[in-house]
Amino acid sequence: QVQLVESGGGLVQAGGSLRLSCAASGGTFSSYGMGWFRQAPGKEREFVACIGWSGGWIYYTDSVKGRFTISRDNLKNTVYLQMNSLKPEDTAVYYCAADRASKPTMSPRTYDYWGQGTQVTVSS
């Protein structure tokens, strides 16, 4: 069983930056594909970014391309999401997730483990 704990959320003004972290324990982190998703009030959970086990296989949703960067440190069992040039529409609860498949997908249904989420609020 893998446990995921997100951190780094908070309140930031538009144009600002945040770095989310997701620490994993209880499994072989280096073998999992990892993803970040977000869910705004009244909306479905949506894909943000994913990264394969080796740090490749990186994909972003179009709305964050050029602003967000996903990375991972397998020695620290941690995946990161660097978020720059934040916009009010980025406001959501951000979740990290682990996929036992080494090459993760954009569908939340394929992920096996989820964190509890961290709130990101971007003010205009």
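The structure this text deals with has already been given above.
Residues numbered from 1 in each chain as written. Predicted model: local features only at pLDDT ≥ 70, side-chain atom pairs only at ≥ 80, totals over all residues. Heavy atoms only, no water.

Some remarks on unusual backbone geometry
Alright, step 1. Positive phi, normally seen in glycine, also occurs at Trp57, with a value near 55°.
Alright, step 2. Residue position: Trp57 is located in the loop between strand 5 (46–51) and strand 6 (59–60).
Alright, step 3. Look at Trp57 and you get partly exposed, because its relative accessible area is 39%.
Alright, step 4. With a phi close to 55°, Asn77 is a non-glycine residue in the positive phi region.
Alright, step 5. For Asn77, a relative accessible area of 27% translates into the label partly exposed. (Helix = DSSP H or I, 4+ residues; strand = E, 2+ residues; numbered from the N terminus. Buried < 20%, exposed > 50% of the residue type's maximum accessible area, 1.4 Å probe, protein only.)

A short note on the packing of aromatic side chains
Alright, step 1. Under the counting rule described, the total for this entry stands at six aromatic pairs.
Alright, step 2. Pairing Tyr32 with Tyr113 gives two aromatic rings, centres 6.1 Å apart and planes at 75°, and the pair type is edge-to-face. Note that Tyr32 is positioned in the loop between strand 3 (18–25) and strand 4 (33–39) and Tyr113 in strand 10 (residues 113–114), a separation of 81 residues in sequence. Each of the two residues, Tyr32 as well as Tyr113, counts as buried.
Alright, step 3. Between the aromatic rings of Trp57 and Tyr59, the centroid separation amounts to 5.6 Å while the plane-to-plane angle is 80°, which identifies the pairing as edge-to-face.
Alright, step 4. Take Tyr59: its relative accessible area is 37%, and that puts it in the partly exposed class.
Alright, step 5. Site record: aromatic cluster; members linked through ring pairs are Phe37, Phe47, Tyr111 and Trp114.
Alright, step 6. Directly above the ring of Trp114 sits Arg45, whose terminal nitrogen or CZ lies 4.8 Å from the centroid. (Phe/Tyr/Trp six-rings, centres within 6.5 Å; stacked < 30°, edge-to-face > 60°. Lys NZ or Arg CZ within 6 Å of the ring centre and 35° of its normal.)

Quick word on the pairing of strand 3
Alright, step 1. Inspection of the sheet shows strand 1 (residues 3–7) paired to strand 3 by five bridges, in the antiparallel sense. Residue pairing in the sheet places Val5 in a bridge with Ala23 of strand 3.
Alright, step 2. Where strand 3 lies against strand 8 (residues 78–83), six bridges are found, and the strand directions are antiparallel. Looking at the pairing, Leu18 lines up with Met83 of strand 8. (Pairing = 2+ DSSP bridges.)

Re the sheet that holds strand 3
Paired through their backbone hydrogen bonds, the strands of a sheet run either parallel or antiparallel.
Alright, step 1. Across the sheet, which stays open at both edges, the four strands sit in the order 1-3-8-7 with antiparallel pairing between neighbours. Two strands lie at the open edges of the sheet, namely strand 1 and strand 7 (68–73), each paired on one side alone. Direction aside, neighbouring strands of the sheet carry axes that sit 15° apart on average.
Alright, step 2. For strand 7 and strand 8, the ladder comprises six bridges, and the chain directions are antiparallel. Pairing of Phe68 across the sheet is with Met83, part of strand 8. (Axes fitted to C-alpha atoms, helices over the stretch in contact; angles between N-to-C directions.)

Examining the pattern of salt bridges
Alright, step 1. By the definition in use, this model includes five salt bridges.
Alright, step 2. We note a salt bridge from Arg38 to Glu46, for which the minimum N-O separation is 2.6 Å.
Alright, step 3. Where Asp90 meets Arg38, a salt bridge forms, and the shortest distance between an N and an O atom there is 2.9 Å. With a gap of 52 residues between them, Asp90 in the loop between strand 8 and strand 9 (92–99) and Arg38 in strand 4 connect regions that are remote in the sequence. (Salt bridge = Lys/Arg side-chain N within 4 Å of Asp/Glu carboxyl O.)

As for the nonpolar core
Alright, step 1. By size, the foremost hydrophobic cluster in this structure holds 30 residues, and its most contacted members are Leu4, Met34, Trp36, Leu81, Met83 and Tyr94.
Alright, step 2. Within the residue set of this core, elements represented by two or more residues are strand 3, strand 4, strand 5, strand 7, strand 8, strand 9 and strand 11 (118–123).
Alright, step 3. Not counting chain neighbours up to four residues away, the residues in contact with Tyr94 comprise Glu6, Leu20, Trp36, Phe37, Arg38, Val48, Phe68, Leu81, Met83, Gly117, Thr118 and Val120.
Alright, step 4. Of all hydrophobic cores here, the second largest spans five residues; its members include Phe37, Phe47, Ala97 and Tyr111. (Core = buried A, V, L, I, M, F, W, Y, C linked by side-chain atoms within 4.5 Å. Contact = heavy atoms within 4.5 Å.)

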